[in-house]
Amino acid sequence: MSVYLYNTKTRNKDEFKPLSDKQVTMYCCGPTVYNYAHIGNLRTYIFEDLLANTLRLAGYKVKHVMNVTDVGHLTSDGDEGEDKMKIAAEREQKSVLEIARMYEDAFFRHTTALGLKRPTIVCRATEHINDMIEFVKALEEKGFAYISNGNVYFDTAKFPRYGCLSGQNREDLKHGARTEQDMNKRNPSDFVLWFTSSKFENQILQWDSPWGRGYPGWHIECSAMSTKYLGERIDIHCGGIDHIPVHHENEIAQSEARLGHEWVNYWVHMEFLNNKSGKMSKSKGGFLTLDTLVEKGYLPVHYKYFCLTSHYRSSAIFSEDAMDAAKKAYENLADYVAEFKANAEPLTALEQTELESLKTEFNNYLFDDLKTPLALSYMWGVVKDNKKSAALRLAFVMHVDGVLGLFLKDIAAKKPAAVEVTPEIAALLEQRAEARAAKDWAKSDEIRDKLAALGVGVKDLPNKQIELIKL
Ligand code: AMP
Ligand code: ZN
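Definitions and limits used
Residues numbered from 1 in each chain as written. Chains lettered and ligands numbered in written order. Predicted model: local features only at pLDDT ≥ 70, side-chain atom pairs only at ≥ 80, totals over all residues. Heavy atoms only, no water. Core = buried A, V, L, I, M, F, W, Y, C linked by side-chain atoms within 4.5 Å. Buried < 20%, exposed > 50% of the residue type's maximum accessible area, 1.4 Å probe, protein only. Helix = DSSP H or I, 4+ residues; strand = E, 2+ residues; numbered from the N terminus. Domains from an automatic or database assignment. Contact = heavy atoms within 4.5 Å. Pairing = 2+ DSSP bridges. Axes fitted to C-alpha atoms, helices over the stretch in contact; angles between N-to-C directions. Expected span 1.5 Å × (residues − 1).

A look at the nonpolar core
- Counting 75 residues, the largest nonpolar core has Ile236, Tyr303 and Phe396 as the members making the most contacts within it.
- Here this core takes 9 residues from helix H1 (residues 39–57), the largest share from any one element.
- Composition of this core by domain shows at least three residues from each of domain 1 (19–270) and domain 2 (290–410).
- Leave out the neighbours within four places in its chain, and Tyr303 touches Ile39, Gly40, Leu42, Arg43, Ile46, Leu114, Leu273, Leu290, Leu293, Phe318 and Met323.
- In this structure, Cys29, Ile129, Phe195 and Leu230 belong to the second largest nonpolar core, which totals 55 residues.

A look at the sheet that holds strand S8 (residues 191–195)
- Read from one edge of the open sheet, 4 strands run S6-S7-S8-S9, paired in antiparallel fashion. The open sheet is flanked by strand S6 (145–148) and strand S9 (215–216), the only strands paired with a single partner.
- As defined by bridge partners, strand S7 (residues 151–154) adjoins S8 across 3 bridges and the pair is classed as antiparallel. The residue of S8 that forms the bridge with Phe154 is Phe191.
- Relative to S8, helix H4 (residues 129–141) is tilted by about 125°, and along the sheet it contacts S6, S7, S8 and S9.

So, the sheet that holds strand S10 (residues 234–240)
- As summarised here, the arrangement of the 5 strands in space is S5-S4-S3-S10-S11, forming an open sheet in which the pairing is parallel. Only two strands of the sheet have a single partner each, and these edge strands are strand S5 (121–124) and strand S11 (264–270). Neighbouring strand axes in the sheet, compared pairwise and without regard to direction, differ in orientation by 20° on average.
- Pairing of strand S4 (residues 61–68) with S5, which is carried by 4 bridges, proceeds in the parallel orientation.

Quick look at the domain arrangement of the protein
- By the assigned domains, the protein splits into domain 1 (19–270), domain 2 (290–410) and domain 3 (423–470).
- Using C-alpha coordinates to define each centre, domain 2 is positioned 40 Å away from domain 3.

Remarks on the pairing of strand S16 (residues 466–470)
- Inspection of the sheet shows strand S15 (residues 456–460) paired to S16 by 5 bridges, in the antiparallel sense. By the bridge assignment, Val456 is partnered in S16 with Lys470.
- Where S15 folds back onto S16 in an antiparallel hairpin, the turn is made up of 5 residues, including Asn463, whose phi is positive at roughly 60°.

Re H1
- The terminal C-alpha atoms of H1, which comprises 19 residues, lie 26 Å apart, in line with the 27 Å expected from a rise of 1.5 Å per residue.
- Along H1, 16 of the 19 residues are buried, which leaves the element largely enclosed by surrounding structure.
- Two residues or fewer past H1, Gly59 is found with a positive phi of approximately 100°.

Overview of the environment of Gly239
- Relative to the assigned elements, Gly239 resides in strand S10.
- Residues Gly239 and Glu331, spaced 92 residues apart in sequence, show a C-alpha to C-alpha distance of 31 Å.
- In contact with Gly239, other than residues within four places in its own chain, are Thr44, Glu48, His248, Val268, His269 and Met270.

Spelled out as structure tokens, the structure:
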């Protein structure tokens, strides 16, 4: 069965054909670590992890690379805004690198709590400065870079395909509309590859370079690290939709200018999580973290379930009502699983065959551009189907859990409800024991029926022991 993915590059749902049968290469833009990831960021990472799992389900090995932006002060595209690392360091009275490590740890604590696998390679920008310098040198040698007022810029006029991903021309993509114009640029869409002069005073993280002491522009880290770990061509590149018009255009320009050929085959972008008042944003503050949700009484997996109820290419609106609904649905699912675990017998050969076809149908929803809402509703159809045995339903739900990572395997089997032994029941149990000792099976059966009428089942155990079951 083929996997289909919506490709921002072709604006089409394309059949996925990897560059190599052996391994799929996937690069995802990672977190900026001057603050906690908000739950909107986490929605993007949830779907990236699901994409990797779905490709594994389809039989591929996946090499998943994610960067950590710990240079940090530049999360926009020019020498603008504020030094966010420095502000966070002052706020929390820590060094800039302590801040970066603290928020990186928090990020992985959150992704682990959501059941996301750690990417195959996690690479920090600060540990790859030489790779970035080499990259910028190569662009300079090929004539794509120029120096202006101490900074090195990428010359977008030299890259005619600039804007190919978003379908905008260079004029539309100028950044000056959002921020003050950088007068050192030749073209408004040009961007910085290396800074030596900055309006930030006392820049803390700085490195020596052929252009002087300074620090890299934001975009270059993804081009340099993806090439280092995944080679010159990549199957899939992911990120949130906000990255399409600038960050990913700039990544394409740098990488393809250096490499001399197309770089990424499938661009997969996740839509935004919004709250009722609009977009959730890291720099605006007031955003929700996973810890805030836990404080409000939700489990991380409730948030994951909420995310999976919408398709990754639709924006989702966060609300506590929606979270309550997700929590209730998850708890209901967990109850079913506990019940199945208490009652599952080994699967019959016929059920094994049926299980395979249930799995295939479920997988097909994911293979069709990660249609999680349909996959979940298919799962519920199976879970609630009383004609199927507990064992079959359990085996199917464990398959679902293996892909979606909903912690269902950790749910304990439901304990049988305790039976209250009334004097009447005690007397019947005694008569039953006597009848069985006298091998009077007809009488024993008669008493069993009387007990059943009182809602009590009896299971005989070795050594004349019995187990009472609430019917
Ligand atoms: P950042 O740490 O700001 O670079 O963002 C990390 C990832 O989250 C990127 O892929 C962004 O595109 C994505 N992202 C940012 N805001 C949201 C949002 N509100 N909903 C979903 N994804 C987002
Ligand atoms: Zn990136």
